[in-house]
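# Fold and contact review
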Amino acid sequence: MEIRASFDIGSGTTKLLVVRVDTINRVIVEELLTLEAEILFGVGFEQSKTGKLPEELCQTLKKTVKEFKEKALQVGAQKFAGVATAVFRKASNGLQCLEELNSETAVNVRLVAQEVEGKLGMYTASAVSKGSTDDIISWDSGGASFQIVGKVGDDFQYLNGPMGDSQSLRVLVEEVRKGDMNASPNPVTKEEAYELVDKIQKIIPSPPEWLTQKLREGCHHVTTFGGTTCCFRLLYLVLGKSRGITQSDMERAIDMTFGKSDAELSVYPQERLVFPKLGLMLAVARKYDIREIDYHTSNGSTSGVAIYDEFW
């Protein structure tokens, strides 16, 4: 047994999970601590127009991780590891931001490729749903990218999408609304919401054969996961359901929220990102003919990090 503290430094939220792990069987046997903090790297990157992460966000990250580490030590954490994902790959100073973080905190956060991000998502989806990686399709969607992963034979297959909440926001504000990234997109009309869906469908990759075939074979339930601010939880909050969510349900969520102001949408996390999230999910579901999804609560991909042997 080993007590591990795993970090997931995402494009919108920084997350920590401390768990007791059966290292022989690679399973989590007890959850000791879970924490998250909103740090909008993806939005900051899109707003900066410099190709860099804002320095103030890198400083906020260091402060947050130091605080998280102290709390992890209090519950007995023995080892630390973590991943940083899409926006840190895109930003010219992303690696520098992480190197400074590791130098000051010694938490061993790595910048990982999108395929590794997808694999961690699959491990997390399997852990929270209790489903076998042989049988499920996982869909992870974050602030700057999405990954859909399935297993064919003995190998994982990946669909890596270059679109997350922050890029969806940019498309909505700049291409649909012809506005300014620093202003709220709300209220969004129904016509604007569906124009966003159409534009995203044209941007994201074509369906890979492995995914089309797996869906044809009857794997219509796609497993999604995430924490407080994830797009899939937003669907749960709007619709009041977390299993068997269809494309029609996603359309109904748009119908229930269009035309509302920031104040009216403040009952949901990150009210300015409500339509970027809803539009992105519906666009992906339509593009790849994903008929139903199940949502499971998780703290990002921290469960996957905790049982991914290469990090420990």
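Owing to the predicted nature of the structure, the values given are computational and were not obtained by experimental measurement. (Residues numbered from 1 in each chain as written. Predicted model: local features only at pLDDT ≥ 70, side-chain atom pairs only at ≥ 80, totals over all residues. Heavy atoms only, no water.)

### Let's talk about the overall build of the protein chain
Counting its secondary structure elements, the protein chain contains 13 helices and 11 strands. Relative to the globule expectation of 20 Å for 312 residues, the C-alpha radius of gyration of the protein chain, 19 Å, shows essentially globular dimensions. In terms of its C-alpha atoms, the protein chain occupies a principal-axis envelope of roughly 55 × 45 × 30 Å. The buried share of the protein chain, taken over its 312 residues, is 56%. Contacts spanning at least 24 positions in sequence make up 69% of the contacts within the protein chain whose residues lie at least 6 apart. (Helix = DSSP H or I, 4+ residues; strand = E, 2+ residues; numbered from the N terminus. Rg over C-alpha atoms; globule rule 2.2 N^0.38 Å. Buried < 20%, exposed > 50% of the residue type's maximum accessible area, 1.4 Å probe, protein only. Contact = heavy atoms within 4.5 Å.)

### Some remarks on the environment of Asp135
Tracing the chain through its elements places Asp135 in the loop between helix H5 (114–129) and strand E6 (137–141). A residue is classified by how much of its surface remains accessible, and Asp135, at 54% relative accessible area, is exposed. The sequence separation of Asp135 and Lys214 amounts to 79 residues, and the corresponding C-alpha distance is 9.6 Å.

### Details of unusual backbone geometry
Excluding glycine, most residues fall at negative phi; most peptide bonds, likewise, are trans. Between Asn186 and the following residue, Pro187, the backbone shows a cis peptide bond with an omega angle of 0°. Position of Pro187 relative to the elements: it lies in the loop between helix H6 (165–176) and helix H7 (190–203). Phi is positive for Lys130, which is not a glycine, with a value near 65°. The phi angle at Gln270 is positive, at roughly 50°, despite the residue not being glycine. Along the chain, Gln270 turns up in the loop between helix H11 (262–265) and helix H12 (274–287). A relative accessible area of 13% places Gln270 in the buried class.

### Description of the pattern of salt bridges
Overall, the coordinates contain 20 salt bridges when judged by the stated rule. For Arg20, the salt bridge identified is with Glu30, shortest N-O distance 3.0 Å. Of this pair, Arg20 sits in strand E2 (residues 13–22) while Glu30 sits in strand E3 (residues 27–38), and the two are 10 residues apart along the sequence. By relative accessible area, which is 36% here, Glu30 ends up partly exposed. (Salt bridge = Lys/Arg side-chain N within 4 Å of Asp/Glu carboxyl O.)

### Considering the sheet that holds strand E7 (residues 146–152)
Pairing between the strands of a sheet comes from backbone hydrogen bonds, and it takes one of two forms, parallel or antiparallel. An order of E8-E7-E6-E9-E11-E10 is seen for the six strands of this open sheet, with the pairing classed as mixed. Only two strands of the sheet have a single neighbouring strand rather than two, namely strand E8 (155–161) and strand E10 (245–246). Packed on one face of the sheet, helix H9 (residues 231–239) meets E6, strand E9 (221–226), E10 and strand E11 (292–297) and runs near 100° to E11. (Pairing = 2+ DSSP bridges. Axes fitted to C-alpha atoms, helices over the stretch in contact; angles between N-to-C directions.)

### Some details on H6
Burial analysis of H6 places nine of its 12 residues in the buried class, the great majority of the element. Inspection of H6 places Asp165, Ser166, Gln167, Ser168, Leu169, Val171, Leu172, Val173 and Val176 among the buried residues, and these make up the whole buried set. Looking at the packing, one finds that the buried side of H6 touches helix H1 (41–48), helix H3 (86–90), H7 and H12. Looking one or two residues beyond H6, the residue adopting positive phi is Lys178, at roughly 60°.

### Here we look at the side chain of Ser303
Among the structural elements, Ser303 can be located in helix H13 (residues 302–306). When neighbours within four sequence positions are excluded, Ser303 is seen to be in contact with Leu17, Ile28, Thr124 and Ala127.

### A closer look at the packing of helix H2 (residues 55–74) against helix H4 (residues 94–105)
Relative orientation of the contacting elements H2 and H4 amounts to 35°, with a least axis distance of 10 Å. Two packed elements cross with a definite hand, and for H2 against H4 that hand is right-handed. Two secondary-structure elements touch here, H2 through Cys58, Leu61, Lys62, Val65, Lys66 and Lys69 and H4 through Cys97, Glu100, Leu101, Glu104 and Thr105. Its residues placed into classes, the contact of H2 with H4 shows five nonpolar, one polar and five charged. (Left-handed = near helix turned anticlockwise from the far one by under 90°. Nonpolar A, V, L, I, M, F, W, Y, C, P; charged D, E, K, R; others polar.)

### Some details on the nonpolar core
Of all hydrophobic cores here, the largest spans 47 residues; its most connected members are Trp139 and Ile148. In terms of residue count, the dominant contributor to this core is H12 (nine residues). Sequence-distant contacts of Ile148, that is, excluding residues within four places in its chain, are made with Ile137, Ser138, Trp139, Gln157, Tyr158, Leu159, Trp210, Leu211, Val284, Tyr288 and Ile290. Core analysis: the second largest hydrophobic core is formed by 31 residues, Val65, Val87, Phe88 and Val107 among them. (Core = buried A, V, L, I, M, F, W, Y, C linked by side-chain atoms within 4.5 Å.)

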